[in-house]
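Architecture at a glance
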Amino acid sequence: MGKIVIGSGDWVFVLTGAGISAESGLPTFRASDGLWAGHRVEDVCTPEALELNPALVWQFYSERRAQGAKADPNPAHIALTELEAKLGDRFFLCTQNVDDLHERAGSKRLVHMHGELAKSRCEDECGQPPVTDRAVYTSLDEVGRCACGARLRPHIVFFGEIPLEMERIQREIGRATLMVVVGTSGSVYPAANYVQWARQGGARTVYVGPEPPLNAHAFTNVVEGKAGEVLPGLFVVET
Ligand code: NAD
Ligand code: ZN
């Protein structure tokens, strides 16, 4: 396996997807025929689902919270923390994951473009900021309320909703000279376009995962393997 050499002038943008948490025991999204942990995404990850069946949506995210709390960061999450320690501000991590394994591994320069399992926010978007909420609710009656009185919803970007922090993400991609994408199928937009944006800026682009993603053609390099096995030895940082 070739090494990726990171020079003193390189700025690194990392995008991760569900695959980086697979070795921590969290199921990926399309692991089995488009189901996420046994559910059709339309039933649990859309604004319509929240409107029609909030009990099921909350049951699903409560289960994800319970499962996430039992999982630990794996060597891939830790390798990214170590890379950040070497690069400082020349490192930026954007995850599509809603679990908190990156921050529990120690990542700091990190955004969750699809939200966070450990937070909830107002269902009516009244303007109150998201609150920390790791509760595993067993019924809809238990779900907390916003200061305005509306019910809380998971702080998750559902399909059809606009991802978070897009301006910052575009700025970081704009100055990246190396993009590393780990464990994402390349089927969810806009994240699947980041590699194109990076290439337009002249960056090298590397994919790491056990199989080529749908947008494999857009990468300058595809490293096939599990994230936890590949990432720890992949980078050589020149000083
Ligand atoms: P995806 O489920 O569509 O694709 C997973 C990808 O990971 C696949 O390409 C697969 O080949 C790869 N993979 C599997 N095992 C791997 C390993 N050991 N190392 C590296 N790669 C591996 O995931 P996605 O593209 O991230 O889209 C899923 C969406 O659903 C995301 O937007 C995310 O918010 C959500 N989701 C989040 C989590 C989580 O937070 N852990 C889990 C499932 C889904
Ligand atoms: Zn409110």
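Procedures and definitions
- Residues numbered from 1 in each chain as written.
- Chains lettered and ligands numbered in written order.
- Predicted model: local features only at pLDDT ≥ 70, side-chain atom pairs only at ≥ 80, totals over all residues.
- Heavy atoms only, no water.
- Pairing = 2+ DSSP bridges.
- Helix = DSSP H or I, 4+ residues; strand = E, 2+ residues; numbered from the N terminus.
- Axes fitted to C-alpha atoms, helices over the stretch in contact; angles between N-to-C directions.
- Phe/Tyr/Trp six-rings, centres within 6.5 Å; stacked < 30°, edge-to-face > 60°.
- Lys NZ or Arg CZ within 6 Å of the ring centre and 35° of its normal.
- Buried < 20%, exposed > 50% of the residue type's maximum accessible area, 1.4 Å probe, protein only.
- Contact = heavy atoms within 4.5 Å.

**Observations regarding the sheet that holds strand S7 (residues 115–122)**
Reading across the sheet, the 3 strands line up as S8-S7-S9 and stay open at both edges, with antiparallel pairing between neighbours. Looking at which strands have only one partner, the edges of the open sheet turn out to be strand S8 (131–132) and strand S9 (152–156). Bridging between S7 and S8 involves 2 bridges; their strand directions are antiparallel. Pairing of Ser-120 across the sheet is with Val-131, part of S8.

**Topic: the sheet that holds strand S6 (residues 110–112)**
Pairing is parallel in the open sheet, where 6 strands are placed in the order S6-S5-S2-S10-S11-S12. Since the sheet does not close on itself, it has two edges, and those belong to S6 and strand S12 (221–224), each with one partner. Neighbour-to-neighbour, the strand axes of this sheet turn through a mean angle of 15°, independent of strand direction.

**Concerning the packing of aromatic side chains**
Remark: the centre distance and the inter-plane angle together describe each pair of aromatic rings, the angle taken between the planes. Counted by the stated rule, this structure contains 7 aromatic pairs. With a centroid separation of 5.0 Å and 90° between ring planes, the pair formed by Trp-58 and Tyr-137 is classed as edge-to-face. Placement of Trp-58 in helix H3 (residues 54–70) and of Tyr-137 in the loop between S8 and S9 is noted, with a sequence separation of 79 residues between them. Three or more aromatic residues link up through ring pairs in this structure, and these residues are Phe-13, Phe-92, Tyr-194 and Trp-197. Over the ring of Phe-60 we find Arg-64; its NZ or CZ atom is 4.8 Å from the centre of that ring.

**Some thoughts on the environment of Leu-50**
You can see Leu-50 is positioned in helix H2 (residues 47–52). Using a relative accessible area of 8% as the deciding quantity, one classes Leu-50 as buried. C-alpha separation for the pair Leu-50 and Ala-198, spaced 148 residues apart in sequence, amounts to 35 Å. Ignoring sequence-local partners within four residues, the contact set of Leu-50 consists of Val-57, Glu-123, Arg-153 and Phe-158.

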